[in-house]
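# Structure at a glance
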Amino acid sequence: MSADDSQTPQSPLTHFDAQGQAHMVDVGDKAHTARVARAAGSITMQPATFALVRDGNAKKGDVLGVARIAGIQASKRTSDLIPLCHPIALTKVSVEFTLDEATSRVLCEVTARTTGQTGVEMEALTAASVALLTIYDMCKAVDRGMRIGDIRLLEKAGGKSGHWTAD
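Residues numbered from 1 in each chain as written. Predicted model: local features only at pLDDT ≥ 70, side-chain atom pairs only at ≥ 80, totals over all residues. Heavy atoms only, no water.

What follows is about the overall build of the chain. The number of helices and strands found in the chain is 4 helices and 5 strands. The order of helices and strands in the chain, counted from the N terminus, is β-α-α-α-β-β-α-β-β. By residue count, 38% of the 167 residues in the chain fall in the buried class. For the chain, the accessible area works out to roughly 9,500 Å², and carbon and sulfur atoms hold 54% of it. (Helix = DSSP H or I, 4+ residues; strand = E, 2+ residues; numbered from the N terminus. Buried < 20%, exposed > 50% of the residue type's maximum accessible area, 1.4 Å probe, protein only. Areas by Shrake-Rupley, 256 points an atom, 1.4 Å probe, with all protein chains shown as cover.)

Here is the structure:
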């Protein structure tokens, strides 16, 4: 058995070989299937900051528009940021925001799609994280106490492990 094929059968952590060394999983024999993942997160801010974002009056410009582009760009760079992720040819990434005025919170939901040999969960999670960080960056001059949280996978479909939805 070569070092590349020495994944421990009893270990659920696929990024470690039998000796406990980190390695990139070999997806070469996996089928090309349609895959989709949805991820979400949120950022909570002061009501005055929320009003700037909602009304498009932030000093740096259209906060949500820039954050949307940042999320999409980040999804395409996931394998550069997360060491053992495979580069993926994404077929679609959407970044959507919902404004919750009652809690001065911006919710972000990302959907990532591909047809390939590995899933797009990390791309969706990375996009959500970077979109929210971009909102923070664009608003930090007026509100350094913003809180980013609730970043999570909502759903994944495709591949051998099938369909999964968060509770």
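A few words on the side chain of Thr 49. Take Thr 49: it is sitting in helix α1 (residues 47-55). Once you skip the residues sitting within four places of it in the chain, Thr 49 turns out to touch Cys 139, Val 142, Asp 143 and Met 146. (Contact = heavy atoms within 4.5 Å.)

Turning next to the pairing of strand β4 (residues 147-157). Inspection of the sheet shows strand β1 (residues 33-44) paired to β4 by 8 bridges, in the antiparallel sense. Bridged to Val 36 within β4 is Ala 157. The turn joining β4 and strand β5 (residues 164-165), which pair antiparallel and follow one another in sequence, is formed by 6 residues; a positive phi near 105 degrees is taken by Gly 158. (Pairing = 2+ DSSP bridges.)

Evaluation of the coordinates by the stated rule reveals 1 cavity of 30 Å³ or more. Considered as a void within the structure, the largest cavity measures approximately 40 Å³ in volume. Lining the largest cavity are Ser 75, Lys 76, Arg 77, Thr 78, Ser 79, His 86, Pro 87, Ile 88, Leu 90 and Glu 123. (1 Å grid on protein atoms, 1.4 Å probe; cavity = no way out; pocket = protein on both sides within 12 Å on 5 of 7 lines; lining within 4 Å. Points joined across faces, edges and corners; volume = space filled by probe spheres on them.)

Turning to helix α2 (residues 63-76), a few remarks are in order. Counted at 1.5 Å a residue, the expected span for α2 with its 14 residues is 20 Å, and the 20 Å between its end C-alpha atoms agrees. Here α2 has its buried residues at Val 63, Leu 64, Ala 67, Ala 70, Gly 71, Ala 74 and Ser 75. The buried residues of α2 occupy an angular sector of 135 degrees when the element is viewed end-on, so they sit on one face. (Expected span 1.5 Å × (residues − 1). Arc of directions from axis to C-beta.)

Here the focus is the pairing of strand β2 (residues 90-100). The two faces of a sheet get side chains in turn, since along a regular strand they alternate between them. Where β2 meets strand β3 (residues 105-116), 10 bridges bridge the pair, whose relative direction is antiparallel. Across the sheet, residue Phe 97 finds its bridge partner in β3, namely Cys 108. With antiparallel pairing between neighbouring strands as the criterion, β2 and β3 make up a hairpin whose turn holds 4 residues, including Ser 104 at a positive phi of roughly 50 degrees.

Moving on to the confidence of the model for the chain. Averaged over every residue, the pLDDT of the chain is 89; the share at 70 or more is 86%. Below a pLDDT of 50 lies the segment residues 1-8, which in the model reaches 12 contacts outside its immediate sequence neighbourhood of four places, other chains included. (pLDDT = per-residue confidence, 0-100.)

A few words on the nonpolar core. Within the largest apolar cluster, 29 residues are counted, with the highest numbers of intra-cluster contacts made by Met 45, Phe 97, Val 106, Cys 108, Val 110 and Ile 135. A per-element tally of this core places helix α4 (residues 121-139) first, with 9 residues. Apart from residues lying up to four places away in sequence, Met 45 is in contact with Phe 50, Val 53, Ser 104, Val 106, Ile 135, Asp 143 and Met 146. (Core = buried A, V, L, I, M, F, W, Y, C linked by side-chain atoms within 4.5 Å.)

Moving on to the pattern of salt bridges. Two side chains bearing opposite charge may form a pair once their charged atoms approach each other closely. This structure, assessed with the given rule, holds 7 salt bridges. Notably, a salt bridge pairs Asp 150 with Arg 105, separated by 3.5 Å at the nearest N-O pair. Placement of the pair is Asp 150 in strand β4 and Arg 105 in strand β3, with a sequence separation of 45 residues. For Asp 150, a relative accessible area of 47% gives the class partly exposed. Each member of the salt-bridge network shares a partner with another, and the members are Arg 38, Glu 109 and Glu 155. (Salt bridge = Lys/Arg side-chain N within 4 Å of Asp/Glu carboxyl O.)

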